[in-house]
Structures are given as C-alpha cells and as structure tokens.
Amino acid sequence: MWRIDWIQWMWLILTFVCIVLELLTTGIFFILFALGTLFAFIASFFSVSVTNQVVVFAAVTLLCLLFLRPFVRRWLHLDGSGGAGSVPDYIEQNIGLEAPVTEEIVAGGKGQIRIGTEIWTARAVDNRGIARGRTVRVVRIEGVTAVVEPVGPQKTEEAFQ
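These numbers come from a predicted model, not from an experiment.

*Asks:* I'm lost on the overall build of the chain in this one. Help?
*Replies:* Secondary structure assignment for the chain yields four helices and five strands. Along the chain, helices and strands appear, N-terminal first, in the series α-α-α-α-β-β-β-β-β. Looking at the chain as a whole, 30% of its 161 residues are labelled buried. Of the contacts formed within the chain by residues at least 6 apart in sequence, a portion of 44% connects residues at least 24 apart.

This is the structure we're talking about:
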C-alpha cells in the first residue's frame, strides 16, 4: 500500500484550488496551472525530487499557456473572433441600445444614462451637451464610459421600462 507524502498533498490541493479559481473566472487561465500541478502530482509518485517536480509544474504550465490556451480560446470563441458559437460579451451588447439621459451630459464633459437597470457614465460623441430626459444611442464603450449620440424624437423614461 502506498502513502501520500506532504508534497503530494500540496500538489493535489493546489490542483483543486486552481480548478475552483477557474470556475470563478472565464479566462481559461487557472485550469492551465491546474494541469501543471496535476503533472507535478503524478511526477511525485515516481520518486522525482521536489525541485524536479517544480520544474515539471513550471514546464507544463508554460507550455499550456503558450500553446494550449490560444487554441482553446479560439475553439471556445473567447478571443474576440466572433465565431458562430460566440456570444457578445456584456459590454458589447450595450452598443446600439437607446437609453434615457438621467443626469445632464455637459458640453465637453460627462453625465449619466440608464441602460436597463444600470446607471452608466456617459459623454457625447461630439462633446456637446445633452439635456436630462433626452434619448441617446450608445455608439461605443470606452472603459466604463458610454459614448453616446442623441437620437430622433424624445422618448419618455417609461418607454424604457
């Protein structure tokens, strides 16, 4: 009967921690570290020194980051390629939407709009002022600021409910 040494427990625990972290994120990043820790865990059963286990971990993780991650991101359409199975991310879904101005957008400055149930900082695409209550269309997103342009006839805020 074989026993699990402390270093093997460490690799096993790190594997599960990396898997949990991957489940909490969406970047196909921590799962590659989990593969590295899993290979180091397997190497530990072959009487490989701790130093060499760390080398196995580093090498497998690096190879996965360099070669496997780009392939998987393309396959899952997470690289921004907009493949057939891709879903636009949350920010991109706001582009083209109409929204009411909830706080006046001052000329050359910023104000606020409401997209759905969220309040966004906004600025006009041409840096002119837009009055509160006016309807705007989101042209693009720059960081956490929506760049907007006024649209045709003014709508009431109830129209956006």
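Next comes the rest of the write-up.
*Asks:* What am I meant to see in the packing of helix α1 (residues 6–24) against helix α2 (residues 30–44) here?
*Replies:* Describing two packed helices takes the angle between their axes plus the distance from one axis to the other. Packing of α1 against α2 brings their axes to within 8 Å, and their N-to-C directions diverge by 165°. Classed by the angle they form, the pair α1 and α2 counts as roughly antiparallel. When you trace α1 past α2, the crossing you get is left-handed. Each of Q8, W11, L12, L14, T15, C18, I19, L21 and E22 in α1 lies in contact with α2, whose residues at this interface are F30, I31, F33, A34, T37, L38, A40, F41 and S44. Residues belonging to the contact of α1 with α2 are distributed by class as follows: 13 nonpolar, four polar and one charged.

*Asks:* What's the story with α2 in this structure? I'm lost.
*Replies:* Each full turn of the α-helix corresponds to 3.6 residues, which orients residues three or four apart in the same direction. With 15 residues, α2 extends 21 Å between its outermost C-alpha atoms, agreeing within 8% with the 21 Å of an ideal straight helix rising 1.5 Å per residue. Of all the positions in α2, only L32, A34, G36, T37, A40, F41, A43 and S44 are classed as buried. On its buried face, α2 is in contact with α1 and α3 (50–75).

*Asks:* How do you make sense of the packing of aromatic side chains when you look at a structure like this?
*Replies:* Remark: the centre distance and the inter-plane angle together describe each pair of aromatic rings, the angle taken between the planes. Under the defined criterion, the tally for this structure stands at five aromatic pairs. Centre to centre, the rings of F29 and F30 are 5.3 Å apart; their planes meet at 85°, and the pair counts as edge-to-face. In this structure F29 comes out as partly exposed when scored by relative accessible area, which is 33%. On the basis of relative accessibility, which here comes to 25%, the residue F30 falls in the partly exposed class. When the centroid spacing of 6.3 Å and the interplanar angle of 45° are considered together, the rings of F33 and F57 count as tilted. Remark: F57 occurs in helix α3 and F33 occurs in helix α2; sequence separation between them is 24 residues.

*Asks:* Looking at this structure, how should I read the sheet that holds strand β1 (residues 98–103)?
*Replies:* Through backbone hydrogen bonds, the strands of a sheet pair up, either in parallel or in antiparallel fashion. Pairing in this closed barrel of five strands is mixed, and the strands run β1-β2-β3-β5-β4 around the ring. Recorded for the sheet is a direction-independent mean angle of 55° between the axes of neighbouring strands.

*Asks:* Would you take a moment to explain a nonpolar patch on the surface for this structure?
*Replies:* A cluster of nonpolar residues, W9, I13, V17, V20, L21 and L24, forms a patch on the protein surface that exposes about 580 Å² of accessible area. Locating I13 in the fold gives a position in helix α1.

Reading the values: the criteria
Residues numbered from 1 in each chain as written. Predicted model: local features only at pLDDT ≥ 70, side-chain atom pairs only at ≥ 80, totals over all residues. Heavy atoms only, no water. Helix = DSSP H or I, 4+ residues; strand = E, 2+ residues; numbered from the N terminus. Buried < 20%, exposed > 50% of the residue type's maximum accessible area, 1.4 Å probe, protein only. Contact = heavy atoms within 4.5 Å. Axes fitted to C-alpha atoms, helices over the stretch in contact; angles between N-to-C directions. Parallel < 35°, antiparallel > 145°, perpendicular 65-115°, else oblique. Left-handed = near helix turned anticlockwise from the far one by under 90°. Nonpolar A, V, L, I, M, F, W, Y, C, P; charged D, E, K, R; others polar. Expected span 1.5 Å × (residues − 1). Phe/Tyr/Trp six-rings, centres within 6.5 Å; stacked < 30°, edge-to-face > 60°. Pairing = 2+ DSSP bridges. Patch = residues over 30% accessible without salt bridge, like charges linked within 9 Å, V, L, I, M, F, W, Y side chains within 5 Å. Areas by Shrake-Rupley, 256 points an atom, 1.4 Å probe, with all protein chains shown as cover. Salt bridge = Lys/Arg side-chain N within 4 Å of Asp/Glu carboxyl O.

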